[in-house]
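Remarks on the overall topology
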Amino acid sequence: VIIRYSADNFQDNVDLTLQSIDATATSAPTKADFVMLYEDGVGTATLNTDIKAFISRDSGTTFTQGTLVAEGDYGSGKKIVAFHDLDISSQPSGTSVCYKVTTHNQGSGKQTRVHAVSHGWA
């Protein structure tokens, strides 16, 4: 995902939704993995409350939320979180896989910065 903005149009104290473009699976996946690197710019984000992640296999029409789990740190103050083997078999069948990341409760006391995301499926 590449985000571009005009300096006078960007607000850093609001909730954010990032959705990837579709990747095409060779067959309808039933499980998904997700890894994200992020940091707390201000305050501390609570996983699965202030920052959430979802996977879709039907181009974003239907999403399933994964439960993010801390998997370690990299650098100073930067965190690795992930979920593995998320069951997406109940979604409508499809091969257009994408992810979505959302932040919540952002404001002057809490600012969450997403650095990188990766997803996979089987």
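For the structure given in this document, a descriptive report is provided here.

About the thresholds
- Every chain begins its residue count from 1, and numbering advances along the sequence as written.
- Reporting in this predicted model follows two pLDDT cut-offs: at least 70 for local features of residues, and 80 or more for side-chain atom pairs to be given and counted; totals over whole chains, interfaces and linings ignore these cut-offs and use all residues.
- Processing note: side-chain calculations cover all non-hydrogen atoms of the structure and skip hydrogens and water entirely.
- Take the buried Ala, Val, Leu, Ile, Met, Phe, Trp, Tyr and Cys residues and link them wherever side-chain atoms come within 4.5 Å; each set so joined is a nonpolar core.
- Residue exposure (1.4 Å probe, protein chains only): buried if accessible area is under 20% of the type maximum, exposed if over 50%, otherwise partly exposed.
- Only runs of H or I of at least four residues qualify as helices and only runs of E of at least two qualify as strands under DSSP, and these elements are numbered from the N terminus.
- Throughout, a contact is declared for two residues whenever any of their heavy atoms are within 4.5 Å.
- Aromatic pairing here means that ring centres of Phe, Tyr or Trp (its six-membered ring) are within 6.5 Å. Orientation follows from the plane angle: under 30 degrees is stacked, over 60 is edge-to-face, and everything else is tilted.
- Lysine and arginine charges are scored as sitting over a ring when NZ or CZ, respectively, is within 6 Å of the ring centre and within 35 degrees of the ring normal.
- Two strands are said to pair when DSSP picks up at least two bridges between them.
- For helices, the fitted axis covers only the stretch in contact; all axes are lines through C-alpha atoms, and the angles between them, taken along N-to-C directions, range from 0 to 180 degrees.
- Whenever a nitrogen or oxygen atom comes within 3.5 Å of another N or O atom, the pair is scored as a polar contact, on the condition that within protein one atom can donate a hydrogen and the other can accept it, and that pairs from neighbouring residues in sequence are kept only if both atoms are in side chains.

For the rest of this paragraph, the subject is the nonpolar core. Within the largest apolar cluster, 18 residues are counted, with the highest numbers of intra-cluster contacts made by Phe 34, Met 36, Ile 51, Ile 55, Leu 68, Phe 83 and Val 101. Elements with a minimum of two residues in this core: strand E3 (31–42), strand E4 (51–56), strand E7 (78–87) and strand E8 (96–103). With four residues, the top contributor of residues to this core is E3. If we ignore the near neighbours within four places in the chain, the residues touching Ile 51 are Met 36, Tyr 38, Ala 45, Thr 46, Leu 68, Val 101, Thr 102, Thr 103, Thr 112 and Val 114.

Okay, the packing of aromatic side chains next. Inspection of every chain in the model, using the stated rule, returns three aromatic pairs. Among the aromatic residues, ring-to-ring pairing joins Phe 34, Phe 83 and Tyr 99 into one connected group. Here the guanidinium or amino end of Lys 100 rests over the ring plane of Phe 54, the centre of that ring lying 4.9 Å away. Above the face of the Phe 63 ring, Lys 100 is positioned so that its terminal group lies 4.5 Å from the ring centre.

Within the secondary structure, Leu 68 sits in the loop between strand E5 (64–66) and strand E6 (69–74). With 15 residues separating them in the primary sequence, Leu 68 and Ala 53 have C-alpha atoms 7.2 Å apart. Those residues in contact with Leu 68 that sit more than four places away from it in its chain are Phe 34, Met 36, Leu 47, Asn 48, Ile 51, Lys 52, Ala 53, Val 81, Ala 82 and Phe 83.

Strand pairing in a sheet relies on backbone hydrogen bonds, with the paired strands running either antiparallel or parallel. Read across the sheet, four strands follow the order E6-E7-E3-E9 without closing on themselves; strand pairing throughout is antiparallel. Strand pairing shows two members of the sheet lacking a second neighbour, E6 and strand E9 (111–121), which therefore form its edges. On average, each strand axis in the sheet is inclined to that of its neighbour by 25°, with strand direction left out of account. Sheet topology places E3 next to E7; eight bridges connect them, and they run antiparallel. Bridge pairing links Val 35 to Ala 82 in E7.

This next bit is on the pairing of E3. Where E3 lies against E9, 10 bridges are found, and the strand directions are antiparallel. In the strand pairing of E9, Leu 37 is matched with Ala 116.

Following the sequence through the fold, Gly 120 ends up in strand E9. When its relative accessible area of 23% is taken as the criterion, Gly 120 is described as partly exposed. Each C-alpha atom of the pair Gly 120 and Ile 55 lies 9.5 Å from the other, and the pair is 65 residues apart in sequence. In this structure Gly 120 touches Lys 31, Ala 32 and Asp 33, once residues within four positions along its chain are discounted.

Another point: the side chain of Thr 103. Relative to the helices and strands, Thr 103 is located in strand E8. A polar side-chain atom of Thr 103 sits 2.8 Å from the main-chain amide nitrogen of Leu 16. With near-sequence residues (within four places) excluded, Thr 103 lies in contact with Val 14, Asp 15, Leu 16, Asp 50, Ile 51 and Thr 112.

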